[in-house]
Amino acid sequence: MTVLDNSVETTSYNSQVTSLLPGKEEIQQEDSTSSKAYVLHLTSFGMPRQFNLGMVVHSDFHESRLLSSLAKPGSACSLSDFVVLDRPSQNEEKSEVESSLKKSILADHQDTKIRLGEAGFEELLKSNVDAIFIYVPAELQKECVIRALQARKHVLLNDPVSTSLSEFKEQQECAKQHGKFIQFRTMFFHQFSVRKFFERVLCDERFGEIMNIECNVRVCYKDVEKVGVTLPLGKTDGAIRVLGRFCILVSALFYSRVGIFAHSAKVISAEFGSKGEIVSTRCIVKFTEGRVLEFDVGYTNFATRQSIDILAENRFAQMKDFIIQHPDGLATYRVYDRVPSSSGSMEIVKGEAIDVYGGPKEETIMWRRFAELSQSLDDQGGWDQSDRTAECRELANVALQTKRIIIALEKSVDNSFEEVIIDDIDYE
């Protein structure tokens, strides 16, 4: 791409600090030359009511960042119960476990009630918690989820990799039957920055229709915990499942809002580690109406870098730090105009830089948004077609589409990098 003029106008939106959750926002912008409209249902509900949360984990749980962020006032959640599912509930051992947990990962949650084993899980289901965060091995996850939903608890899941598409559909149907919300925590990782990018940039009528999305991500090995994995990497920690997921999720979110969905997926190249994990990969996902996502992601020994480029009819936009939040808390968007050149191609000319406050840490935003959306369903009496539950429905649809794309890409790897038509996949 050719940049003819590198002059950049800088605009600061520091006022957004106080408008993180200003009340219901609904933005609809339509390009006068197009029948497509970007409809933005960013429904915010003010400060959520206090949200009582229970957690179900195994004894190898080590996500102290999740627990420390939960203790922040901005999370709007209170950890009332903590269940260690694989520990027996004998009184002697319980006191030892409680003492150990209160000195370590539950240091910020001294009032949390600790329960052990199957009996503890049953007690949790009968308690007055609003929701349960489930972080257990894959073979136990489905049963725990279904039981929690049937007990009329909202559910947040840790690991989307361990849940098959058919199981997630079954769990979503169960959630809808009982009027409760279920979602993966990865769906909230970049809620604030991506929401603001969509609102401030993509909904501008000057931007035009999104034609192509390109992502370039390299995560330093010392930063891998920030994307939810630990060293040494295992086979399920590959670049498609972990890093590509973020690119796919954001693209599916942008495209689905204008009725565009994934058609096929292909891995162009991949590099494998010692355990068979994909350490770097280039992929292409083709959507309906000629739209495309291309991403190049991987792990590296060098500095972490991450960018997403959005190419539209009239403009070009770039967002940095869309996965791991920048240390200074700012998100920077760059937007350039595109004009026809003498050769007939489109060239990029002058634009602007927009600095947006990045909001609280990703984990804190995750808890808060989960509480808000769960309460929106409670207030409506379950899943309906109202604006108030629109974001719940959108996230459910995007989660399903994200899973379908990842499955297709993994199938492409297995089939010697062939293009895979997404509707032809057997998801069982």
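Just so it is clear, the structure is predicted and the values come from calculations on it, not from any experiment. Think of each chain on its own: its residues are numbered from 1, step by step along the sequence as written. The predicted nature of this model means local features are confined to residues of pLDDT at least 70 and side-chain atom pairs, given and counted, to a pLDDT of 80 or more, with totals for whole chains, interfaces and linings taken over all residues. For side-chain calculations, the full set of non-hydrogen atoms in the structure is used, while hydrogens and water are omitted.

A.B. asks: Talk me through the overall build of the protein chain; I want residue IDs and the actual numbers.
C.D. replies: In DSSP terms, a helix is any run of H or I states spanning at least four residues, a strand is any run of E spanning at least two, and both are numbered starting from the N terminus. For the protein chain, the count of helices and strands is nine helices and 18 strands. Here the protein chain, with 428 residues, has 56% of them falling under the buried criterion. We call two residues in contact whenever any of their non-hydrogen atoms come within 4.5 Å of each other. Counting contacts in the protein chain only where the partners sit at least 6 residues apart, residues at least 24 apart contribute 71% of the total. With an accessible surface of roughly 18100 Å², the protein chain has 46% of that area assigned to carbon and sulfur atoms. The rule is simple: take the accessible area with a 1.4 Å probe, protein chains only, and divide by the maximum for that residue type; under 20% is buried, over 50% is exposed, in between is partly exposed. Per-residue and other accessible areas were derived by the Shrake-Rupley procedure at a 1.4 Å probe size, with only the shown protein chains allowed to occlude residues.

A.B. asks: Could you give me a rundown of the environment of alanine 317, with the residues and numbers involved?
C.D. replies: Its location among the elements puts alanine 317 in strand β15 (residues 315–320). Under the relative-accessibility criterion, alanine 317 is labelled buried at 0%. For the pair alanine 317 and tyrosine 336, spaced 19 residues apart in the sequence, the C-alpha separation amounts to 6.2 Å. Leave out the neighbours within four places in its chain, and alanine 317 touches Phe197, Val201, Phe207, Ile308, Asp309, Ile310, Arg334 and Val335.

A.B. asks: Outline unusual backbone geometry, supporting the account with residue identities and numerical values.
C.D. replies: Residue proline 232 is bonded to the preceding leucine 231 through a cis peptide linkage, with omega at -5°. With respect to the helices and strands, proline 232 occurs in the loop between β10 (210–220) and α7 (239–256). In this structure, arginine 152 is a non-glycine residue whose phi angle is positive, near 60°. Mapped onto the elements, arginine 152 comes out in the loop between α4 (138–150) and β8 (154–157). Residue classification places arginine 152 among the partly exposed residues on the basis of a relative accessible area of 48%. Positive phi, close to 60°, is recorded for glutamate 289, a residue that is not glycine. Following the sequence through the fold, glutamate 289 ends up in the loop between β12 (278–287) and β13 (292–300).

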